[in-house]
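Architecture and fold: a report
Listed here are the chains, written in short residue letters.
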Amino acid sequence: MASDVVPWPADLAHAYRAAGCWRGESLGAQLWRWADDHPDRVAVADDTRRLTYRELAVLADRLAEGLDRLGLRRGDSALVQLPNTWEFVVVLLACLRADVAPVMMLPPHRESELGAIGAHVDARAVIVPGMWRSYDHEALAHRVLPRLADKARVLVCGEPRREASARLGDLLEPAPGDDAAQRRERLDVRAPTGAEVAVFLLSGGTTAVPKVIARTHDDYAYNIRCAVAACAFDARTVYLAALPAGHNFPLANPGILGTLAAGGRVVMVGSPRPDAVFAAIEAERVTVTAAVPAVVLRWMDAAAATRHDLSSLRYVQVGGSMLSPDVAARIRPALGCGLQQVYGMAEGLICYTRPDATDEVATMTQGAPISAYDELLVVDRDGTPVPPGGIGELLTRGPYTPRGYYRAPQQNAESFTTDGWYRTGDLVRITAAGHVVVCGRVKDLINRGGEKISAGEIEQLLQELPEVAEVAAVAVPDPMVGERVCAVVRLHPERSLTLTAVRAFLTARGVAAFKAPEHLVVVDQLPHTPVGKPDKARLRALVSATLSDA
Ligand code: OOB
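Read on for an overview of the structure. (Residues numbered from 1 in each chain as written. Predicted model: local features only at pLDDT ≥ 70, side-chain atom pairs only at ≥ 80, totals over all residues. Heavy atoms only, no water.)

A few words now on the overall build of the protein. Along its length, the protein carries 19 helices and 27 strands. A globule of 550 residues ought to have a C-alpha radius of gyration of about 24 Å, and the protein, at 23 Å, matches this closely. Each principal axis of the C-alpha atoms in the protein carries an extent, and together these give about 75 × 55 × 55 Å. Across the 550 residues of the protein, 59% fall into the buried class. Partitioning the intrachain contacts of the protein with sequence separation of at least 6 by distance along the chain shows that 67% fall at a separation of at least 24. Entry remark: accessible area of the protein is about 22,400 Å², with carbon and sulfur atoms responsible for 52%. Across the protein, the 59 positively charged side chains and the 65 negatively charged ones have centroids separated by 1 Å. (Helix = DSSP H or I, 4+ residues; strand = E, 2+ residues; numbered from the N terminus. Rg over C-alpha atoms; globule rule 2.2 N^0.38 Å. Buried < 20%, exposed > 50% of the residue type's maximum accessible area, 1.4 Å probe, protein only. Contact = heavy atoms within 4.5 Å. Areas by Shrake-Rupley, 256 points an atom, 1.4 Å probe, with all protein chains shown as cover. Lys, Arg positive; Asp, Glu negative; His and termini not counted. Charge placed at Lys NZ, Arg CZ, Asp CG, Glu CD.)

Before going further, it helps to examine the packing of aromatic side chains. Tallied over the full model, the rule gives 8 aromatic pairs. A ring pair is formed by phenylalanine 233 and tyrosine 239, whose centres lie 6.1 Å apart and whose planes are at 50 degrees; its orientation type is tilted. The exposure class assigned to phenylalanine 233 is buried, which follows from its relative accessible area of 8%. Measuring from ring centre to ring centre gives 5.3 Å for phenylalanine 416 and tyrosine 422, while their planes differ by 45 degrees; the resulting arrangement is tilted. Residue tyrosine 422 is classed as buried on the basis of its relative accessible area, which comes to 5%. Clustering of aromatic rings is evident, with ring pairs tying together Trp8, Tyr16, Trp22 and Tyr373. The ring of tryptophan 86 carries arginine 49 above its face, with NZ or CZ at 4.5 Å from the centroid. Over the ring of tyrosine 135 we find arginine 110; its NZ or CZ atom is 3.6 Å from the centre of that ring. (Phe/Tyr/Trp six-rings, centres within 6.5 Å; stacked < 30°, edge-to-face > 60°. Lys NZ or Arg CZ within 6 Å of the ring centre and 35° of its normal.)

Contact geometry for helix H12 (residues 274–284) and helix H13 (residues 293–303): axes closest at 10 Å, N-to-C directions at 75 degrees. On the basis of their axis angle, the class for H12 and H13 is roughly perpendicular. Contacts between H12 and H13 involve Pro274, Val277 and Phe278 from the former and Arg298, Trp299, Ala302 and Ala303 from the latter. Split into classes, the residues belonging to the contact of H12 with H13 amount to 6 nonpolar, no polar and 1 charged. (Axes fitted to C-alpha atoms, helices over the stretch in contact; angles between N-to-C directions. Parallel < 35°, antiparallel > 145°, perpendicular 65-115°, else oblique. Nonpolar A, V, L, I, M, F, W, Y, C, P; charged D, E, K, R; others polar.)

Okay, the site of the ligand next. Surveying the vicinity of the ligand reveals 17 residues, the closest of which are Val342, Ala346, Asp426, Lys443 and Lys452. Contacts to the ligand include lysine 443, whose side-chain N or O atom sits 2.7 Å from an oxygen atom. Relative to its unbound accessible area of 600 Å², the ligand is 93% covered by the protein chains. For the shell around the ligand, a count of residues per class yields 8 nonpolar, 6 polar and 3 charged. Built from parts of two domains, the shell around the ligand gets at least three residues from each of domain 2 (222–371) and domain 3 (374–398 + 409–443). (Near = heavy atom within 4 Å. Polar contact = N/O pair within 3.5 Å; in protein donor to acceptor, adjacent residues only side chain to side chain. Domains from an automatic or database assignment.)

Mapping arginine 110 onto the fold places it in the loop between strand S4 (101–104) and helix H5 (111–121). Notably, arginine 110 is buried but unbridged: the nearest opposite-charge side chain belongs to glutamate 111, and the N-O separation is 6.0 Å. Within the structure, arginine 110 has its side chain in polar contact with the backbone oxygen of proline 107 (distance 2.9 Å). When neighbours within four sequence positions are excluded, arginine 110 is seen to be in contact with Gln81, Tyr135, His137, Leu140, Gly510, Val511 and Ala512. (Salt bridge = Lys/Arg side-chain N within 4 Å of Asp/Glu carboxyl O.)

By the definition in use, this model includes 36 salt bridges. Between arginine 448 and glutamate 518 there is a salt bridge, with its nearest N and O atoms 2.7 Å apart. On the criterion of sequence distance, the pair formed by arginine 448 in strand S23 (residues 445–448) and glutamate 518 in the loop between helix H18 (499–508) and strand S27 (519–522) is long-range, its members being 70 residues apart. Taking the relative accessible area as the measure of exposure, glutamate 518 reaches 22% and is therefore partly exposed. Put simply, glutamate 464 and arginine 509 hold a salt bridge, and the shortest N to O gap is 2.8 Å. Of this pair, glutamate 464 sits in the loop between helix H17 (455–462) and strand S25 (468–478) while arginine 509 sits in the loop between H18 and S27; the two residues are 45 residues apart in sequence, bridging distant segments of the chain. Owing to a relative accessible area of 33%, arginine 509 belongs among the partly exposed residues under this scheme. What emerges from the salt-bridge pattern is a single network uniting Arg448, Asp478, Arg484 and Glu518.

Another aspect to go through is the packing of helix H3 (residues 53–69) against helix H4 (residues 86–98). At a closest axis distance of 8 Å, the pairing of H3 and H4 adopts a crossing angle of 60 degrees. The angle between the axes of H3 and H4 places the two elements in the oblique class. Both H3 and H4 take part in a crossing whose hand is right-handed. Of the residues in H4, those in contact with Leu56, Leu59, Ala60, Asp61, Leu63, Ala64 and Leu67 of H3 are Trp86, Val89, Val90, Val91, Leu93, Ala94, Cys95, Arg97 and Ala98. The residue makeup of the contact of H3 with H4, split by class, is 14 nonpolar, no polar and 2 charged. (Left-handed = near helix turned anticlockwise from the far one by under 90°.)

In structure tokens:
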């Protein structure tokens, strides 16, 4: 595995260790430190179960050995596609204890995503919920098995319907003579080093060649510590995970792992719908939660009429896509809590406005980096640094921003400079006080309510349609979700195509539903750039003119 992960240069790795950023301790080993410190405190709750820190550690260890019995070995990986439930947290920690890297898939992903990513990482297992929202994830998992490693297994959280699947509940049961202390020792002995892969995150806008980010124990643990400090999480923190837990934001910024590291309580809720979220806030006295702008807008609309008591909520953290200053300013009046803006990415860099920020900073900026070792550089199209305060593409490096994607040398040549800077594809300016303001982007993706959709992926798929001569996918601004996908197509002579047909085709190809175009514009000619690529700027103008006429 090691050679597939681009390492930090040796001198920097040494410096990060010397500075105490990287401690050489696995994330799994930390679990027992937390459990020893406060065994009886509630660590995780959902609407079916509450687990203390000690129960969580015992269950995670049991499952870690269960994964071993299923044939998963140190250094293997497993696709994890679970909704926000207590089991998600147990599975995550079991993987970290077993040195099996979880690949953080999302519940809407289908064959296309699970297959491509599972093949890319050579996954040894798929961990799914069985039935979830009327969809059979167990059947989905079995369909993708042929693309995964030899003898890969399906593990079902719930009641499996096929004999070949393993049942998560069975692996959580104590075996005769179950001895937590001995098991803990057995697992401690095989604990990974800091440099090994802890989790695989998916990059926003996964392309045909999946962009998978290997986060090491050292780098992720450091990221989590810095996020906890920047957000002042502590033992009194009650964090509600309402966004899909596999995203870097709710997973570790500070999210689930940061709350546990701080000794607080994590509350898992299966949907970001206002009714579910408000009920959980009231029931658990939630103090902080995270949302993308599209979700916080729904909460704000619903809050006026709610009968639930939201008074425990101190902050809502908002990030993942553009938040307008106007919406930002309405959060406190609508929800009765403060706003913390977050600008971050699965690739590493995380910025926050701090809890004690002035209203102006909290509403107008996306905050400052969490580590003094984060390097930020704003450059123009030629890669030349712009003058202070100027707008340009943000490049970044640092102790928790890996130097390349996993097994993707060609993609890396594009996405990273030769001296290791990650090209975020975001247009930003940095204020005199050091706060980042996101102004736009140069990368070709569509940000639909925080879910990133690669234009290239949609174009490649739609090009398979026999009716389509040429296609471009562009973002259409939307007041609720920020952006929606619009497919602009030139058809072969005498052919026709409807939006319904486009969407049905993508469903049949096993593509996550959130990626399907919500607008279709048929044109006689696509505008091109001088090098012959579809001219996205002109296309966006054309689409907004066409749709506003309609
Ligand atoms: C988060 O992570 P990803 O990997 O899904 O997406 C990263 C991209 C950024 O490059 C940027 O284009 C966009 O999402 N983004 C924002 C933003 N935060 C992220 N665009 C405008 N304003 C913001 N505040 O989205 C993510 C990961 C960790 C924490 C928070 C968000």
